[in-house]
Amino acid sequence: MLAVAFFHAMRYRADEPSWEGRDRFFLSAGHCGISLYSALAEAGFFPLEELDTYGLDGSRLPMSSMWPYTPGVEMSGGSIGLGLPMAIGSALGLRLKKSDAFIYTMMGDGELGEGPTWEAAQAAAHYHLSNIIAIVDVNGVQADGRMAQVLCTEPLHDKWAAFGWHVQRVDGNDIPALVAAFDKARECTEPKPRIILCDTRMGHGIPFIEAREKLHFIRLEPKDWKRAVEVLDAGRDA
Ligand SMILES: Cc1ncc(C[n+]2csc(CCOP(=O)(O)OP(=O)(O)O)c2C)c(N)n1
Ligand SMILES: [Mg+2]
């Protein structure tokens, strides 16, 4: 999802992170900061080697992504449920400036249990914020277990549609499907905020990780890390 956002959909200047005309990416699920850092490094916001400083004292890459430490990071995540409310403020601001930029915001499905998300969902539709494209990582789990057991938020498509959003639901591990969905979200002419619900599998492509029960707090031993990279490389080369 981040790859499609940063390398297909969004307009930005890596050498000028504050460029006024940029699309903004708000990672609401700040605990996924490490994946955002990978995308930003690949995009040229900072050197790839800097990824090795992740989480170290003095690093520009704190564990949860936070503004203003890292070039390209637009908001402080960590406390979940804030990305959409912040996106609304920024989307209204861009409208006042007559900007044609978009605000992308990415949430986890666990965040859909947070009240502010639904207040924001109503407000975005009320203000016809067609410059918001929300992305939800519907992986079916949150920190404490499966969504179905902790807090069932389905039927997601119907709920967002009822809240006045343009809704798509796609396989979030399928790049061509994501590309089509991101295009459609941008090109849609309805005066509505847009959301792409992305069904994903944590650890996708690495069977021995996919099979694990608890994946939110994953710590890989060096030998498992090596195995995972080998599996991914084999898949990429295939
Ligand atoms: C307001 C708030 N409540 C609780 C937490 C603790 N917390 C961190 S991540 C997380 C789970 C979020 O689930 P989801 O959005 O599905 O993310 P995933 O684990 O799938 O990446 C929780 C409850 C938090 N960071 N902020
Ligand atoms: Mg989740």
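See the structure above.
Every value quoted in this text rests on a predicted model; they were computed, and no experiment measured them.

A. Main features of the pattern of salt bridges. Under the defined criterion, the tally for this structure stands at 15 salt bridges. For the salt bridge of R169 with E154, the shortest nitrogen-to-oxygen distance reads 3.0 Å. Here the residue R169 occupies a position in strand β6 (residues 166-171), and E154 occupies one in the loop between α5 (147-150) and α6 (156-162), the gap between them amounting to 15 residues. The exposure class assigned to E154 is partly exposed, which follows from its relative accessible area of 36%. Within this structure, R11, D23, D100 and R186 form a network of salt bridges that share partners.

B. Representation of the site of ligand 1 within the structure. Close contacts around ligand 1 come from 15 residues, with G78, D109, G110, N139 and H216 the closest. A distance of 2.7 Å separates an oxygen atom of ligand 1 from a polar side-chain atom of D109. Measuring from an oxygen atom of ligand 1, one finds a side-chain N or O atom of N139 at 2.7 Å. Out of a free accessible area of 590 Å², ligand 1 has 75% covered by protein chains. For the shell around ligand 1, the class distribution of residues is four nonpolar, eight polar and three charged.

C. The arrangement of helix α3 (residues 83-96) in detail. Spanning 14 residues, α3 covers 20 Å between terminal C-alpha atoms, matching the ideal 20 Å at 1.5 Å per step. What α3 keeps buried is the set G83, L84, A87, I88, A91 and L94. Projection of α3 onto a plane perpendicular to its axis shows the buried side chains occupying an angular sector of 135°, all on one side. For α3, the secondary structure elements touched by its buried residues are β1 (24-27), β2 (103-108), α4 (115-126), β3 (132-138) and α6. Taken from the residues just after α3, K98 is the one with a positive phi, measuring 60°.

D. Inspection of the pairing of β6 at higher detail. Here β6 runs beside strand β7 (residues 194-199); their pairing, made up of six bridges, is parallel. Counted as the bridge partner of V170 is C198 from β7. Considered for its hand, the β-α-β crossover made up of β6, helix α7 (residues 175-187) and β7 is right-handed.

E. A look at the packing of aromatic side chains. The full count for this structure, using the stated rule, is nine aromatic pairs. Note on W118 and F163: the rings are 5.0 Å apart at their centroids and 55° apart in plane angle, and the pair reads as tilted. Placement of the pair is W118 in helix α4 and F163 in the loop between α6 and β6, with a sequence separation of 45 residues. When its relative accessible area of 16% is taken as the criterion, W118 is described as buried. Joined through ring pairs, the aromatic side chains of F6, Y12, F25 and F45 make up one cluster. In this structure, R227 packs its charged tip against the face of F208, placed 3.8 Å from the ring centre.

About the cut-offs
- Residues numbered from 1 in each chain as written.
- Chains lettered and ligands numbered in written order.
- Predicted model: local features only at pLDDT ≥ 70, side-chain atom pairs only at ≥ 80, totals over all residues.
- Heavy atoms only, no water.
- Salt bridge = Lys/Arg side-chain N within 4 Å of Asp/Glu carboxyl O.
- Helix = DSSP H or I, 4+ residues; strand = E, 2+ residues; numbered from the N terminus.
- Buried < 20%, exposed > 50% of the residue type's maximum accessible area, 1.4 Å probe, protein only.
- Near = heavy atom within 4 Å.
- Polar contact = N/O pair within 3.5 Å; in protein donor to acceptor, adjacent residues only side chain to side chain.
- Areas by Shrake-Rupley, 256 points an atom, 1.4 Å probe, with all protein chains shown as cover.
- Nonpolar A, V, L, I, M, F, W, Y, C, P; charged D, E, K, R; others polar.
- Expected span 1.5 Å × (residues − 1).
- Arc of directions from axis to C-beta.
- Contact = heavy atoms within 4.5 Å.
- Pairing = 2+ DSSP bridges.
- Right-handed = clockwise from strand over helix to strand, strands pointing away.
- Phe/Tyr/Trp six-rings, centres within 6.5 Å; stacked < 30°, edge-to-face > 60°.
- Lys NZ or Arg CZ within 6 Å of the ring centre and 35° of its normal.

Scope: geometric values only; no functional claims are made or implied.
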